[in-house]
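In case you want the letters, here they are:
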Amino acid sequence: MGSSKKHKEKGRDKDAEERHREHKKHRHKERERDKERNVTREREKRKRSRSKERSGRGSEREGRSKGERSAGEPRVKKEKVEAGYQESPGIGPQSASGDASLSIEETNKLRAKLGLKPLEMTDTTKELGTKEQPMVAETINPVYIKQQNEMREKLAAMKEKRLLNKKLGKVKTLAEGDWLDDTVAWVERSRKMAKEKELAEKRAKLLQEMDEEFGVSNLVDEEFGQTKKAAYSSRDLKGLTVQHRMESFNEGETVILTLQDQGVLEEEGDVLVNVGLVDKEKAEKNVELKKKKPDYKAYEEDESVDDMATFKPRTVLGKYDEEIDGEKKKSFQLSKGGCAEGERERELQAIRETLRNQAQSLEMPALAIASEYYTPQEMVGFKKTKQRVRKIRKKALPDELQLDDTRNTDFGSRVRGRGRRQLDEGQEVSKEGVIIPGLDVPQQSDDIRMADMDISDDEDFIPTELAVLEEDEAEQDLQKQLEKQRKKLKQKQLLQDSGEKVAEQVPWLARVDGSDDEDNKNNLNIVFNATSEFCRTLGDIPTYGLSGNREDQEDIMDFEQEAARDGAGGSDSDEDENVGWSIVNVDEEQKQPDFSTASTTILDEEPIVSSGLAAALALCKNKGLLDTQMQKISRVRAPTGALPNDNYSIEDKMTIDDKYSRREEYRGFTQDFKEKDAYKPDVKIEYVDESGRKLTPKEAFRQLSHRFHGKGSGKMKTERRMKKLEEEALLKKMSSSDTPLGTVALLQEKQKSQKTPYIVLSGSGKSMNANNITK
Amino acid sequence: MFTVSSYCTAVSTNSPRLSLRIRMIEVVCNDRLGKKVRVKCNSEDTIGDLKKLIAAQTGTRWDKIVLKKWYTIFKDHVSLGDYEIHDGQNLELYYQ
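Chain B appears in an unreviewed UniProt entry as Ubiquitin-like protein 5 from Oncorhynchus tshawytscha. Looking at chain B in UniProt, the text filed under Subunit (unreviewed entry) is "Interacts with CLK1, CLK3 and CLK4. Interacts with coilin/COIL. Interacts with spliceosome components SART1 and EFTUD2. Interacts with FANCI; this interaction promotes FANCI dimerization."

The name given to chain A in an unreviewed UniProt entry is U4/U6.U5 tri-snRNP-associated protein 1, and the organism recorded there is Oncorhynchus tshawytscha. Its UniProt record gives chain A the following Subcellular location (unreviewed entry) comment, quoted word for word: "Nucleus". Of the comments in the UniProt record for chain A, the one headed Sequence similarities (unreviewed entry) reads "Belongs to the SNU66/SART1 family."

### Regarding the overall build of chain B
On a plain count of helices and strands, chain B comes out with one helix and five strands. Across chain B, helices and strands are ordered from the amino to the carboxyl terminus as β-β-α-β-β-β. Split into buried and exposed, the 96 residues of chain B put 42% on the buried side. Pairs at least 24 residues apart make up 50% of the contacts formed inside chain B by residues separated by at least 6 positions. As displayed, chain B has an accessible area near 5,500 Å², and 54% of this comes from carbon and sulfur atoms.

### Overview of the confidence of the model for chain A
Residues and elements named next belong to chain A. When pLDDT is averaged along chain A, the result is 71; 53% of the residues meet or exceed 70. Mean pLDDT values for the elements of chain A range from 43 in helix H4 (residues 81–87) up to 93 in helix H22 (residues 697–709). Considering only residues more than four positions removed or in separate chains, one finds that residues 456–463, a stretch of pLDDT under 50, has 15 contacts. Across residues 567–580, confidence stays below pLDDT 50; counting only partners more than four residues off in sequence or on other chains, it has 31 contacts.

### A word on H22 of chain A
For H22 of chain A, spanning 13 residues, the distance from its first C-alpha to its last is 18 Å, which sits close to the expected 18 Å at 1.5 Å a residue. After H22 of chain A finishes, the residue Gly710 of chain A shows a positive phi value of roughly 85°.

### Observations concerning the packing of helix H5 (residues 104–114) of chain A against helix H1 (residues 47–58) of chain B
One way to put it is that H5 of chain A packs onto H1 of chain B with a least axis distance of 11 Å and a crossing angle of 115°. Considering how the two elements wind past one another, H5 of chain A and H1 of chain B form a crossing that is right-handed. From H5 of chain A, Leu110, Arg111 and Leu114 of chain A reach across to H1 of chain B, where they touch Lys52, Leu53 and Ala56 of chain B. Across the contact of H5 of chain A with H1 of chain B, the residue classes tally to four nonpolar, no polar and two charged.

### Re the pattern of salt bridges
Using the criterion set out here, one finds 13 salt bridges over all chains in the structure. For Lys117 of chain A, the salt bridge is made with Glu44 of chain B, and the minimal N-O distance between the two is 2.6 Å. Remark: Glu44 of chain B occurs in the loop between strand S2 (36–42) and H1 and Lys117 of chain A occurs in the loop between H5 and helix H6 (123–127); the pair is interchain, linking two chains. Of the charged contacts, one joins Arg61 of chain B and Asp63 of chain B as a salt bridge, the two residues approaching to 3.4 Å between their closest N and O atoms. Of the residues examined, Arg61 of chain B reaches a relative accessible area of 54% and is grouped as exposed. Overall, the relative accessible area of 35% leaves Asp63 of chain B in the partly exposed class. A cluster of three or more residues bridged by salt bridges with shared partners is formed by Glu288, Lys291 and Lys293 of chain A.

### Here we look at unusual backbone geometry
The backbone of Lys755 of chain A shows a phi angle near 60°, a positive value even though the residue is not glycine. Residue position: Lys755 of chain A is located in the loop between helix H24 (743–754) and helix H25 (770–773). With relative accessibility at 73%, the residue Lys755 of chain A sits in the exposed group. Unlike most non-glycine residues, Glu84 of chain B shows phi in positive territory, near 60°. Of note, Glu84 of chain B is situated in the loop between strand S4 (72–73) and strand S5 (90–95). For Glu84 of chain B, a relative accessible area of 52% corresponds to the exposed category.

### Concerning the sheet that holds strand S3 (residues 258–259) of chain A
Residue and element names in this part refer to chain A. With mixed pairing, four strands are arranged side by side in an open sheet as S3-S4-S2-S7. Looking at the sheet topology across the chains shown, the edges are occupied by S3 and strand S7 (332–333). Pairing of strand S2 (residues 241–242) with S7, which is carried by two bridges, proceeds in the antiparallel orientation. Each residue of the ladder has a partner; that of Thr241, found in S7, is Gln333.

### Considerations on the nonpolar core
All names here are of chain B. Within the largest apolar cluster, 20 residues are counted, with the highest numbers of intra-cluster contacts made by Leu50, Ile54, Leu67 and Leu91. Elements supplying a minimum of two residues to this core: strand S1 (24–30), S2, H1, strand S3 (65–69) and S5. Considering every element that reaches this core, the biggest residue donor is H1, with five residues. Non-local contacts of Leu50, meaning those with residues more than four positions away in its chain, are made with Val39, Cys41, Leu67, Leu80 and Leu91.

### Observations concerning the pairing of S1 of chain B
Residue and element names in this part refer to chain B. In terms of residue burial, S1 counts as a mostly covered element, since seven of its seven residues are buried. Neither face of S1 is exposed, since Met24, Glu26, Val28 and Asn30 on one face and Ile25, Val27 and Cys29 on the opposite face are all buried. Relative to S2, S1 runs antiparallel, the two sharing seven bridges. By the bridge assignment for S2, Asn30 is matched with Lys36. The turn linking S1 back onto S2 is made up of five residues, and Arg32 within it adopts a positive phi angle of 60°. Here three bridges tie S1 to S5, and the two strands are oriented parallel to one another. Residue Val28 lies in a different strand from S5, and its bridge partner there is Asn90.

### Focus: the packing of aromatic side chains
A complete count under the given rule lists three aromatic pairs over all chains for this structure. Judged by centre distance (5.7 Å) and plane angle (85°), the rings of Phe249 of chain A and Phe332 of chain A are edge-to-face. In this pair, Phe249 of chain A is assigned in the loop between S2 and S3 and Phe332 of chain A in strand S7, connecting sequence segments 83 residues apart. Taking the relative accessible area as the measure of exposure, Phe332 of chain A reaches 11% and is therefore buried. Ring centres of Phe74 of chain B and Tyr83 of chain B lie 4.6 Å apart, and the angle between their planes is 70°; on these two criteria the pair is classed as edge-to-face. Positioned over the ring face of Trp62 of chain B is Lys52 of chain B, at 5.0 Å from the centre of the ring. The ring of Tyr94 of chain B is capped by Lys68 of chain B, whose NZ or CZ atom sits 4.9 Å from the centre of that ring.

### A short note on the confidence of the model for chain B
Residues and elements named next belong to chain B. Scored by pLDDT, chain B comes out at a mean of 83, with 80% of its residues at no less than 70. In the predicted structure, residues 8–14 sits below a pLDDT of 50 and forms 15 contacts with residues beyond four places in sequence or in another chain. Across the assembled chains, the prediction reports ipTM 0.77 with pTM 0.22.

### Comments concerning a negative patch on the surface
A surface patch of like charges, here negative, comprises Glu209, Asp211, Glu212 and Glu213 of chain A. Residue placement: Glu213 of chain A occurs in helix H8 (residues 183–214).

### Concerning the pairing of S5 of chain B
Looking at chain direction, S3 of chain B and S5 of chain B are connected through four bridges and run antiparallel. Bridge assignment links Val66 of chain B to a residue of S5 of chain B, and that residue is Tyr94 of chain B.

### As for a nonpolar patch on the surface
Residue and element names in this part refer to chain A. A cluster of nonpolar residues, Val316, Leu317, Tyr320 and Ile324, forms a patch on the protein surface that exposes about 450 Å² of accessible area. The residue Val316 is located in the loop between strand S6 (311–313) and helix H11 (321–325) in this model. Overall, the relative accessible area of 74% leaves Val316 in the exposed class.

### Some words on the state of the cysteines
Between two cysteines, a covalent bond joining their sulfur atoms is known as a disulfide. Summed over the entire model, instances satisfying the criterion amount to zero disulfides over all chains. Of all cysteine sulfurs, the one in Cys41 of chain B lies closest to Cys29 of chain B, which takes part in no disulfide; the gap is 8.1 Å.

Cut-off values and rules
- Residues numbered from 1 in each chain as written.
- Chains lettered and ligands numbered in written order.
- Predicted model: local features only at pLDDT ≥ 70, side-chain atom pairs only at ≥ 80, totals over all residues.
- Heavy atoms only, no water.
- UniProt positions renumbered as here; feature names shortened; annotations may be inferred.
- Helix = DSSP H or I, 4+ residues; strand = E, 2+ residues; numbered from the N terminus.
- Buried < 20%, exposed > 50% of the residue type's maximum accessible area, 1.4 Å probe, protein only.
- Contact = heavy atoms within 4.5 Å.
- Areas by Shrake-Rupley, 256 points an atom, 1.4 Å probe, with all protein chains shown as cover.
- pLDDT = per-residue confidence, 0-100.
- Expected span 1.5 Å × (residues − 1).
- Axes fitted to C-alpha atoms, helices over the stretch in contact; angles between N-to-C directions.
- Left-handed = near helix turned anticlockwise from the far one by under 90°.
- Nonpolar A, V, L, I, M, F, W, Y, C, P; charged D, E, K, R; others polar.
- Salt bridge = Lys/Arg side-chain N within 4 Å of Asp/Glu carboxyl O.
- Pairing = 2+ DSSP bridges.
- Core = buried A, V, L, I, M, F, W, Y, C linked by side-chain atoms within 4.5 Å.
- Phe/Tyr/Trp six-rings, centres within 6.5 Å; stacked < 30°, edge-to-face > 60°.
- Lys NZ or Arg CZ within 6 Å of the ring centre and 35° of its normal.
- Patch = residues over 30% accessible without salt bridge, like charges linked within 9 Å, V, L, I, M, F, W, Y side chains within 5 Å.
- Lys, Arg positive; Asp, Glu negative; His and termini not counted.
- Charge placed at Lys NZ, Arg CZ, Asp CG, Glu CD.
- Disulfide = S-S within 2.5 Å.

As structure tokens, then:
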């Protein structure tokens, strides 16, 4: 591809050269030149395409193009464009290979055939060639351009000069003037000038006279002349604004007002201010700002009401209004004659006051804690309810029974017991059978209370009084009953003797019986039944009277209920009853054990087998059926571990077998052989290393562990060991009696050879022959 | 007066601001097997029209031509301007 580019460039250059030549020759024949260029370009391209021919498309075309080229070149200058194009073989590609393209006209034809719009031709496309045949734009020659510009400038300058000269040409210079030479002419001219002046004056006078006639002179005078202005009086003050509040001016004081500074271009009316007041206002404002009042009140209402009863909605970020809109200045206008009476202000004030007076305060009366009690005022209209003393059936009642039962009654409580009694007229309900006397006054339900009230007092309906009274009475009740209780306890303590208690009980019973004629006749005779007594001795179980296994239970029940109906006194009787019964029980308990002991002594001989195994065994023993001698059985030493028990076994978590604990266990035979008691072998275990040496225990263990772990010592260790072994071997080899060099042996040999018992030590080695000293 | 050297050979077929209007463009289609075709067309022409023009020049059938650029297949109903195919761009010519 690079080569092709070079070709292209070359071609381009060639074209450029050609163009330039043509440029020189045919400067004005642009169109022709262009088309010729196109043609030449095509030719060049064909040349190029041939050079890089790949698909060998049409050697005939080649030939054709060649021929055309040869024919075309002389034709370049003469022939027109169409000829060049006609040579192209129709619409197909023109060159052998490579870039194939149609010209615009051909393309348009094709497009028309296909039914497409013709190609969009812009100015650029028309003038300048297509991509494949790029038209070379005119060379921009800066020198030429410069020259042209210079020319233009010159021309322009000359033109201006000309014009100037033309203008100035009219005016004669001083040097040109000929009047100097000719005095007469000068004189004439000067006279002419004077005349003209006179004429002008005359005309002016005439005009002025005319003005005077019409009375315009004054105005003219005013306009042009210095007119004395009329006095500025108070009437001129009308309409001026004073930018202070009306209130800041006090009566009797004189305040000098000056015009406020205004911008030059402002055309608003004059504003009068007093400097001192302005400063004062500023100071006040600064003080206000210094106080640092909170800008934003979170709880402010959406609308605030003005003095004039106008609603002013709450603006968002109202604190910035002054900054944005500008400070609103209070001002008032001076009326005629410079007076400001402030009537309007007074009117507004009056209106405000009237509105204020008319306003209704939304405040509610202060909330106060309601009092529990009536105030004396209220008590005036309060009437007490009449107490209705209920006639009660019971006789011999204590004083407190005078109470009004309507209040101290229970209303169908379960404690009363089963079998609701018929209520008397007026919903009289029997008093609760209180075992714990008078503990609580049953709460009256509202509707019954209401019913009571309805019955008792229809006219005077004052509910609260009743409740108060009731409570007092209930309290009194309670207190009385508690006293009674205390009395009874004291009595009990005093009377310890059972017999006395019994004795006491009888008259009491009689007394009680006497009170209840109807139902208590049976109770004069107290029946003691063995089983019942026994049951009773089981103790003071709350089942007393509830199990329903007693004959006289109903009687007792009735007795209790009737006692309850007695009212306050009923409880007392119950209490006495219980006390009595308990006393009786004690007696019965005492009797019971005597009975049991008596039975055992009688039947000593024959124990009842049915009573249990022990008895049966005792019987057998007595009868001699059992052999009571204890036999000694040789005990077999059980092996470690308990006997296996099929039926049950104690699972001890500690003995859970796990492989780690099992390891420690020795399952072998722990006992020594008796026959081999005398055998005591002498065991010596010797360990030997590879060289045959006996190993110390340490070394033996080392050997074992090496064997076990499969790896021996490292390099250093083995070297050391080897060294040590060598040293040991050397040590062994060494003679104990002699020095390592064998000096003693040498000396002995020397002695032998010399046959002297001494050795002469001489310094020089000459005396000692090598022959003598050798080993 | 005129110097031999030329300062620039401006080859311009298009003026700078042409994004909005229809212009004539020349597209090069190469199938890498020897067929390289330069087709003049409008920027508003569809690919189908371009294919027809190519077919006229190459001698194949236009519906057998597939124009691609890497893996982007140019669809028949979209215009060259929409595909942003500018003047002088190379398109790959395939056959189906």
